[in-house]
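The lines below spell out each chain.
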Amino acid sequence: QVQLVESGGGLVQAGGSLRLSCTASGRSFRTDSMGWFRQAPGKEREFVAGISWNGGRTSYADSAKGRFTISRDNAKNTVFLQMNSLKPEDTAVYYCAADADPWGIHTTKDPYDYWGQGTQVTVSS
């Protein structure tokens with residue numbers, strides 16, 4: 001069974017940091033591009049960051065630029081999202097997703113084939 005499992009979420013004060021992880025199992029995701037999305041209550045799921053299969057290309061939403069860093073360790077089938085200088089508006093459930101297109105860092109949900117169950121990030125003011 002193919003699974004993506006996120007971890008690392010939690011409660012943090014504004015200005016703090018969290019590092020999210022997403023570990024894949026069931027098959028190798030080494031040739032997939034990977035993305036992080038988030039969904040706040042009452043809002044649509046939105047793109048946060050994406051990375052190509054080898055880490056050579058990355059893309060960030062404007063809200064994440066300069067504060068978040070996406071990376072991956074293909075040997076461990078894991079993708080990370082380092083989040084610094086967190087703000088209350090970053091509060092959301094964060095999801096990782098896999099896209100079979102190795103170079104396509106898609107900012108919409110449809111191209112992604114697999115999704116994790118999400119991890120809650122809450123930033124207090």
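Described in the following lines is the structure provided in the data block. The shown structure was predicted, so the numbers you read here are calculated from the model rather than taken from an experiment.

For the coordinates displayed, the defined rule picks out six aromatic pairs. Here a set of aromatic residues connected by ring pairs shows up, and it is made of Phe37, Phe47, Tyr112 and Trp115. Lying over the aromatic face of tyrosine 95, arginine 45 brings its terminal NZ or CZ to 3.6 Å of the ring centre.

Right, let's get into the pattern of salt bridges. The tally for this structure, following the rule as stated, stands at five salt bridges. Ionic pairing is found between arginine 67 and aspartate 90, a salt bridge with its closest N-O pair at 2.7 Å. With arginine 67 in the loop between strand 6 (58-60) and strand 7 (68-73) and aspartate 90 in the loop between strand 8 (78-83) and strand 9 (92-99), this residue pair connects regions lying 23 residues apart in the sequence. Aspartate 90 carries the same exposure label as arginine 67, and that label is buried.

Counting through the fold element by element, serine 52 comes out in the loop between strand 5 (46-51) and strand 6. Classification of serine 52 by relative accessible area gives buried; the value is 0%. Other than its neighbours up to four places away in sequence, serine 52 contacts Asp32, Ser33, Arg57, Arg72, Pro102, Trp103 and Ile105.

Side chains of a nonpolar character, in soluble globular proteins, are inclined to be buried together. Core analysis: the largest hydrophobic core is formed by 27 residues, its most contacted members being Trp36, Leu81, Met83 and Tyr94. Secondary structure elements with two or more residues in this core: strand 3 (18-25), strand 4 (33-39), strand 5, strand 7, strand 8, strand 9 and strand 11 (119-124). Among the nonpolar cores identified, the runner-up in size contains six residues, and Phe37, Phe47, Ile105 and Tyr112 belong to it.

Cut-offs applied
- Residues numbered from 1 in each chain as written.
- Predicted model: local features only at pLDDT ≥ 70, side-chain atom pairs only at ≥ 80, totals over all residues.
- Heavy atoms only, no water.
- Phe/Tyr/Trp six-rings, centres within 6.5 Å; stacked < 30°, edge-to-face > 60°.
- Lys NZ or Arg CZ within 6 Å of the ring centre and 35° of its normal.
- Salt bridge = Lys/Arg side-chain N within 4 Å of Asp/Glu carboxyl O.
- Helix = DSSP H or I, 4+ residues; strand = E, 2+ residues; numbered from the N terminus.
- Buried < 20%, exposed > 50% of the residue type's maximum accessible area, 1.4 Å probe, protein only.
- Contact = heavy atoms within 4.5 Å.
- Core = buried A, V, L, I, M, F, W, Y, C linked by side-chain atoms within 4.5 Å.

Coordinates in, geometry out; function isn't part of it.
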